[in-house]
Every structure is written in structure tokens, then in C-alpha cells.
Amino acid sequence: MSDRVPILRIGENLLVSIQIDLDDQTVMNLQEDLAAQVVKYGARGVVIDITAAEIVDSFVGRMLSTIASVSRLLDAETVVVGMRPAVAITLVELGLSLGGVRTALNLEQGLAILAKRASAGAAGR
Amino acid sequence: MTVAEPDVGEVRVQTIATSDDVVRARQLARNLAVECRLSLVDQTKLVTAASELARNTLVYGGGGSLSGALVQDARRRGVRLTFTDQGPGIPDVDLALSDGWSSGSGMGLGLSGARRLADDFDLRTTVGAGTTVTVIKWTH
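- In the nomenclature of an unreviewed UniProt entry, chain A is known as STAS domain-containing protein of Actinospica acidithermotolerans.

## Observations concerning the pairing of strand β2 (residues 13–17) of chain A
Residues and elements named next belong to chain A.
Logical step 1: Of all five residues in β2, four are buried; the element is thus mostly enclosed.
Logical step 2: Direction of pairing for strand β1 (residues 7–10) relative to β2: antiparallel, over a ladder of four bridges. Each residue of the ladder has a partner; that of Ile 7, found in β2, is Val 16.
Logical step 3: With five bridges joining them, β2 and strand β3 (residues 45–49) adopt parallel strand pairing. Paired with Asn 13 across the bridge in β3 is Gly 45.
Logical step 4: Running through helix α1 (residues 24–41), the crossover from β2 to the neighbouring parallel element β3 is right-handed.

## Concerning the packing of aromatic side chains
Logical step 1: This model, assessed by the stated rule, comprises zero aromatic pairs over all chains.
Logical step 2: Directly above the aromatic system of Tyr 41 of chain A lies the positively charged group of Arg 9 of chain A, at a separation of 3.8 Å from the ring centroid.
Logical step 3: Above the ring of Trp 138 of chain B, the side-chain terminus of Arg 76 of chain B is found at 4.1 Å from the ring centroid.

## Some remarks on the packing of α1 of chain A against helix α2 (residues 58–73) of chain A
Residues and elements named next belong to chain A.
Logical step 1: The contact between α1 and α2 brings their axes to 10 Å, and the two run at 10°. Judged on the interaxial angle alone, α2 and α1 are roughly parallel. Contacts from Asp 24, Val 27, Met 28, Leu 30, Gln 31, Leu 34 and Ala 35 in α1 reach Phe 59, Val 60, Met 63, Thr 66, Ile 67 and Val 70 in α2.
Logical step 2: Its residues assigned to classes, the contact of α1 with α2 comprises 10 nonpolar, two polar and one charged.

## A word on the pairing of strand β4 (residues 77–85) of chain B
Residues and elements named next belong to chain B.
Logical step 1: The pairing of strand β3 (residues 64–72) with β4 spans nine bridges and is classified as antiparallel. Within β4, the residue paired with Gln 72 across the bridge is Arg 77.
Logical step 2: A loop of four residues connects β3 with β4, the two strands running antiparallel in sequence.

## Some thoughts on the packing of helix α3 (residues 85–94) of chain A against helix α4 (residues 110–117) of chain B
Logical step 1: Contact geometry of α3 of chain A with α4 of chain B gives a least axis separation of 8 Å together with a crossing angle of 125°. Regarding the angle of α3 of chain A to α4 of chain B, the classification is oblique. Of α4 of chain B, the residues touching α3 of chain A (which contributes Thr 90, Glu 93 and Leu 94 of chain A) are Gly 113, Ala 114, Arg 116 and Leu 117 of chain B.
Logical step 2: A class-by-class count of the residues in the contact of α3 of chain A with α4 of chain B yields three nonpolar, two polar and two charged.

## A short note on the interface of chain B and chain A
Logical step 1: The partner chain A presents 21 residues to the 23 residues of chain B that form the contact.
Logical step 2: Taking both sides of the interface into account, the surface hidden between chain B and chain A amounts to around 2,100 Å²; carbon and sulfur atoms contribute 53%.
Logical step 3: Applying the counting rule to chain B against chain A returns seven salt bridges.
Logical step 4: For Arg 55 of chain B, the salt bridge is made with Asp 57 of chain A, and the minimal N-O distance between the two is 2.8 Å.
Logical step 5: Viewed at the interface, chain A and chain B are joined by 12 residue pairs in polar contact (both at pLDDT 80 or more).
Logical step 6: The biggest single contributor to the side of chain B that touches chain A is helix α2 (residues 40–59) of chain B, with nine residues.
Logical step 7: Among the residues making up the side of chain B that touches chain A, the classes are represented as eight nonpolar, eight polar and seven charged.

What counts and what doesn't
- Residues numbered from 1 in each chain as written.
- Chains lettered and ligands numbered in written order.
- Predicted model: local features only at pLDDT ≥ 70, side-chain atom pairs only at ≥ 80, totals over all residues.
- Heavy atoms only, no water.
- Buried < 20%, exposed > 50% of the residue type's maximum accessible area, 1.4 Å probe, protein only.
- Helix = DSSP H or I, 4+ residues; strand = E, 2+ residues; numbered from the N terminus.
- Pairing = 2+ DSSP bridges.
- Right-handed = clockwise from strand over helix to strand, strands pointing away.
- Phe/Tyr/Trp six-rings, centres within 6.5 Å; stacked < 30°, edge-to-face > 60°.
- Lys NZ or Arg CZ within 6 Å of the ring centre and 35° of its normal.
- Axes fitted to C-alpha atoms, helices over the stretch in contact; angles between N-to-C directions.
- Parallel < 35°, antiparallel > 145°, perpendicular 65-115°, else oblique.
- Contact = heavy atoms within 4.5 Å.
- Nonpolar A, V, L, I, M, F, W, Y, C, P; charged D, E, K, R; others polar.
- Buried area = accessible area lost by both parts, 1.4 Å probe.
- Salt bridge = Lys/Arg side-chain N within 4 Å of Asp/Glu carboxyl O.
- Polar contact = N/O pair within 3.5 Å; in protein donor to acceptor, adjacent residues only side chain to side chain.

Given below as C-alpha cells:
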């Protein structure tokens, strides 16, 4: 059985919080749902909150990289926030550096990164 | 080198036949890690290794099982996880254990990553008969 992870919309940004122990199909669904919603709402930013994630394995790590790449192609920036120290240590040992994925320590800082990008983009137009 | 067989506690078994079972295998690993009082970082490493190996059992082995137990030797406690399948086996173990190699859709970090995350790692495979991977994480 696979579930859908709820995607919240805050202004120009989408927010997902990875709370539960996700099975692989739910992870795949999230990837597709996010891409669809970025386009539907013209979102400029995606925040993925992994505060509650006890582990990030290679499958979820790949999902984070893919979401960041897909979002970038759709003109949205992705920020992963709230990674636990033990998760960071484990990811590096696993061999996943999540290159290309922006991170911030918490939700507030993640939203600040997106706000800065949005204002820089507006000034450049 | 001869290694003394550790004392093994009650063995708990989780069937791995669906994607939900991979989640249950992770939970079994987590429960054992907590009972063993592994450090938070070591718990995270063990559960992550379990997730990689359980997925391999399902995706490449066509399903199988996880047997988990607390173990104890003269000096320390640990958690031992054994993943068994009756799948096609691994023809080239060295290749399968190298980073980036994958016969499926993953990043090819499953086996090599799990080996790095565990303290002890043992892989036995027979082409056409199946694969058994055992990992142990010890308290320090």
C-alpha cells in the first residue's frame, strides 16, 4: 500500500514534510506530484523538510537529487531542510553527497534562501 | 582467522515480499538497535544499511527474509541482521560491491554502502540459488 505525502502551498513555494516511514512507491509518487504541482502553481521554490526522517537511504537520497534537478528545469529552486546530524554522517559514509541539492538547517533558513532568490530574480527582470 | 561465534539472542524474522515489508524490516532493525543501546549515529547507520539490503532482497532477490538478533561476544554487544533470498545470485561479487555498479534503477550504493555502514559484513551467493548477506553493528 502506498500513500500520498501532502504538499502544502505557501505563497510561491511548495512545502513537503517527510514524516512517516516512506515506502519506495510513496517516494516515487511524491517525486511526480511535486513536479506536477510546481508547474500547476508556477511555484518558484520547493522546501523538503526531513526533520522527522530518521534515515535517508540511497533511494530517498536519489529522490532528493531528482526533485532538485527536475524543479530546476521547471524554474524552481529546491531546499532540503532539517537534516539530522546522524543522517548527514550516514549519508556521507554511504557515499551520497547530494551534490546539487541546496540544504538549510531549518525551515526558516530554507524559506529565507528562497526569498532571497525570488527578490534577486525580480530585480533582474 | 578464527572468530569466536557470538552468543545469539532470540531471532526475529521478517518476510520481505513487498515494498511495505522493506519498511517493516527497517523497523525491526531500529527496534534491535534501540534495545542494544547503540549510539544514535550507529542506530542510523544500521537502519540505513538494513534499508539498502532489504530493498536488494526484494528487487534483485525476488523477495526473501530478514532474521535479526542481539548478539554478544566477550567484549561487546551488537545487532546482527541476516538477509536471505533464493534469487538469481550474484555472478561477480567484486563488481557488485564496487561503488556505482547497479543492475537496477538504484545508484549502485546498496551493497557497497551497507558494507561501509556495518562493522562486520559477510556475503555468500550462489548463482541460481540465492544470496545471504549478514551485517553486524557492535557497541563501542
